[in-house]
Amino acid sequence: MRITKYEHATVTIDTDESRLIIDPGGFLTSLTDVANIAAVVVTHVHPDHCSPANLQRISELNPEVPIYAPTAVATTVPGVNVIAVSPGDVITHDAFTLEFFGGTHAVIHESIPVIGNVGVLVNDQFYYPGDSYALPGDKDVTVLAAPLGAPWLKIGDAMDFVLDVAPRYCFGTHDMTLSDVGHGMHHDRLDWATQQGGGQYLPLAPGEAIDL
């Protein structure tokens, strides 16, 4: 299984037979080949994670491709095959088993409504929390995509999240709100947190991957 990071919040997971895309949002530019997609996961409706144009293009090139997402995505992106998921759901599609956790987006500010958000565990190996610190139950996580920078993020909270999950490998995602200096600082903090559980931190750039 190959896990590839793209701009900001987008990740792909490839097996020998299938490809899954998570959160093909509006900042995505380098992933141009979206044919032969088995499934899509969208964690929530914010445009940096849920781009109607990207989802519609993926659906045009992959008719009937399932898009697993909270209910609100169906009304935000008409004309695509959204299958509503909630925390506790477990779905097997093609080469992927998807288990969903969480339920709500991290709080940005009391003036901003809290929306639905799901974290997803793929094939009992890779965990992606969306915009939250929702934990994947008592699962042993091989690879964690940890949020690196966001309007709702304090780096100490992100460090605690990594400490709680204790993955074997970790890389940063949700990072286009950071400067070059900020990237370096936050990579260092998550590197430390990953090491505390005996894991290895990988400061992946867009297009870089980890193979399992």
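In the block above lies the structure referred to throughout.
Residues numbered from 1 in each chain as written. Predicted model: local features only at pLDDT ≥ 70, side-chain atom pairs only at ≥ 80, totals over all residues. Heavy atoms only, no water.

Examining the pairing of strand 9 (residues 116–122)
For a regular strand, side chains alternate in direction, first toward one face of the sheet and then toward the other. Here is the rule we go by: Each residue is placed in one exposure class: buried if its accessible area under a 1.4 Å probe, protein chains only, is under 20% of its type's maximum, exposed if it is over 50%, and partly exposed if it falls in between. Starting at the N terminus, helices and strands are each numbered in turn, a helix being any DSSP run of H or I of at least four residues and a strand any DSSP run of E of at least two. Strands are treated as partners if at least two bridges between them are detected by DSSP.
Counting buried residues in strand 9 gives 6 out of 7 residues, a clear majority hidden from the surface. Bridge count between strand 8 (residues 96–104) and strand 9: 7 bridges; the pairing is antiparallel. For L98, the partnering residue across the bridge sits in strand 9 and is V122. Strand direction decides the pairing type here: strand 9 and strand 10 (residues 126–128), joined by 3 bridges, are antiparallel. Of the residues in strand 10, the one forming a bridge with V122 is F126. Linking strand 9 to strand 10, which pair antiparallel, is a turn of 3 residues; within it N123 sits at a positive phi near 55°.

Quick look at the packing of aromatic side chains
So the rule is basically this: Planes of paired rings set the category: under 30 degrees apart is stacked, over 60 is edge-to-face and the rest tilted, where pairs are Phe, Tyr or Trp rings (Trp by its six-membered ring) whose centres lie within 6.5 Å.
Under the defined criterion, the tally for this structure stands at 4 aromatic pairs. Seen from their ring centres, Y133 and W152 are 5.5 Å apart, and the 70° between their planes marks the pair as edge-to-face. On the criterion of sequence distance, the pair formed by Y133 in the loop between strand 10 and strand 11 (143–147) and W152 in the loop between strand 11 and helix 3 (155–165) is long-range, its members being 19 residues apart. Pairwise contacts between aromatic rings join Y133, W152 and F161 into one cluster.

Points about helix 3
The line we're drawing: This arc corresponds to the set of directions leading from the helix axis out to the C-beta atoms. Here a residue-residue contact requires only that any non-hydrogen atoms of the pair lie within 4.5 Å.
Listed in full, the buried residues belonging to helix 3 are A158, M159, F161, V162 and V165. One side of helix 3 holds all its buried residues, which, seen down the axis, span an arc of 155°. Buried positions along helix 3 lie against strand 10, strand 11, strand 12 (169–173) and helix 4 (180–196). Note on helix 3: the residue one or two positions beyond its end, A166, has a positive phi of about 50°.

Describing the packing of helix 3 against helix 4
What counts is decided by this rule: Only the contacting stretch of a helix is used when fitting its axis, a line to C-alpha atoms as for every element, and angles between N-to-C directions run 0 to 180 degrees. For classification purposes, an angle smaller than 35 degrees is called roughly parallel, one larger than 145 roughly antiparallel, one from 65 to 115 roughly perpendicular, and anything else oblique. By definition, any crossing whose near helix is turned counterclockwise from its far helix by less than a right angle is left-handed, and any crossing with a clockwise turn is right-handed. In this classification, the charged set is Asp, Glu, Lys and Arg, the nonpolar set is Ala, Val, Leu, Ile, Met, Phe, Trp, Tyr, Cys and Pro, and all remaining amino acids, among them Gly, are polar.
Two elements in contact, helix 3 and helix 4, have axes separated by 8 Å at closest approach and are oriented at 25°. With respect to helix 4, the axis of helix 3 lies roughly parallel. Once helix 3 is placed against helix 4, the crossing between them reads as right-handed. The segment helix 3 lies against helix 4, with I155, A158, M159, V162 and L163 engaging H186, R189, L190, W192, A193, T194 and Q196. Across the contact of helix 3 with helix 4, the residue classes tally to 8 nonpolar, 3 polar and 1 charged.

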